[in-house]
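# Structural characterization, general
Residue-level listing of the chains:
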Amino acid sequence: MLKAKNQAWEHILEIARRVHSETPALSTFAPWPTDITIAPQAVPQEQPETAINAVKAYGASHPLIKAVQDHADDLVWKQSYRDDDLGRDFMDHYGYIELFGPDGMFISHQCRGFIGYWGAGLIYPMHQHAAEEIYLVLEGSVTFEGQDQAPMLYRKGQTRRHSAYEPHAMRIGEKGFMTFALWRGKDMAQPPRLMV
Ligand code: ZN
């Protein structure tokens, strides 16, 4: 069982590495980490089952998403917030894996890599974090809002960057949104904070 799980995690990591190398905006943002430790951990007992089922049901063709969907029950899913922050509906249609990073499925202290899902129509209010960030839209669409700029729509294949502590909000399009995102910077282990 453990061997099969390790192979699934390494399979996802390998596809993510390919996406990174084939996407200049990502490889320019941060090189692929060279310190990745292949040490898969136990999947925690408390996992956001409803959100995981939403990920599995999401209609997508991207190979990175397919790999995540195929092995969704064996991955470590996280949510940065609690129900009373953003509401039950948000939490039932949102989740991410930290594929690599200080607290990731694979450990790296050079860079964090996330694969995240948000359901159709969700609004992720203005928030900020210490890490610099880049999002690659794997599937669906999202409108990013900043504090001093007009909202901008991003579709499959497009990338969006945020600098350290740059406030941003997200409006998810009608086909939901899945992303491969990277964080870098010396305080990248700090979580995001809502600004409301
Ligand atoms: Zn962010």
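These remarks concern the structure in this document. Computed from a prediction, not measured in an experiment: that's the story for all the values here.

The rules behind each value
Residues numbered from 1 in each chain as written. Predicted model: local features only at pLDDT ≥ 70, side-chain atom pairs only at ≥ 80, totals over all residues. Heavy atoms only, no water. Buried < 20%, exposed > 50% of the residue type's maximum accessible area, 1.4 Å probe, protein only. Helix = DSSP H or I, 4+ residues; strand = E, 2+ residues; numbered from the N terminus. Arc of directions from axis to C-beta. Donors = N, O, S within 2.8 Å, 3.2 Å for Na, K, Ca; no water. Tetrahedral: all angles 85-135°; square planar, octahedral: opposite > 155°, others 65-115°. Phe/Tyr/Trp six-rings, centres within 6.5 Å; stacked < 30°, edge-to-face > 60°. Lys NZ or Arg CZ within 6 Å of the ring centre and 35° of its normal.

## Describing helix α3 (residues 49-57)
For α3, the complete set of buried residues consists of Ala-51, Ile-52, Ala-54 and Val-55. Looking straight down α3, one finds its buried side chains confined to an arc of 155 degrees; they lie on one side.

## Points about the coordination of the zinc ion
Looking at the zinc ion, the protein donor atoms are His-129 (NE2), Glu-133 (OE), Glu-133 (OE) and His-168 (NE2), and they sit 2.1 to 2.5 Å from it. With 4 donor atoms in place around the zinc ion and angles of 56 to 145 degrees between them, the coordination shape is irregular. Taken in chain order, the donor set of the zinc ion reads H-x3-E-x34-H. Accessibility assignment for this pair places His-129 and Glu-133 in one class, buried.

## Things to note about the packing of aromatic side chains
The tally for this structure, following the rule as stated, stands at 15 aromatic pairs. Judged by centre distance (4.9 Å) and plane angle (70 degrees), the rings of Trp-32 and Phe-100 are edge-to-face. In this pair, Trp-32 sits in the loop between α2 (24-29) and α3 while Phe-100 sits in strand β2 (residues 94-101), placing the two residues 68 residues apart along the sequence. Residue Phe-100 is classed as buried on the basis of its relative accessible area, which comes to 0%. Summarising the aromatic geometry, the rings of Tyr-81 and Tyr-124 are spaced 5.7 Å apart at their centres and angled 80 degrees between planes, so their arrangement reads as edge-to-face. Taken together, the positions of Tyr-81 in the loop between β1 (77-78) and α5 (83-86) and Tyr-124 in strand β5 (residues 123-128) put the pair 43 residues apart, joining distant regions of the chain. Neither Tyr-81 nor Tyr-124 differs from the other in exposure class; each is buried. Geometry around Phe-29 places Arg-184 over its ring, the cationic atom sitting 4.5 Å from the centre.

Read these as layout, nothing more, since geometry by itself doesn't imply function.
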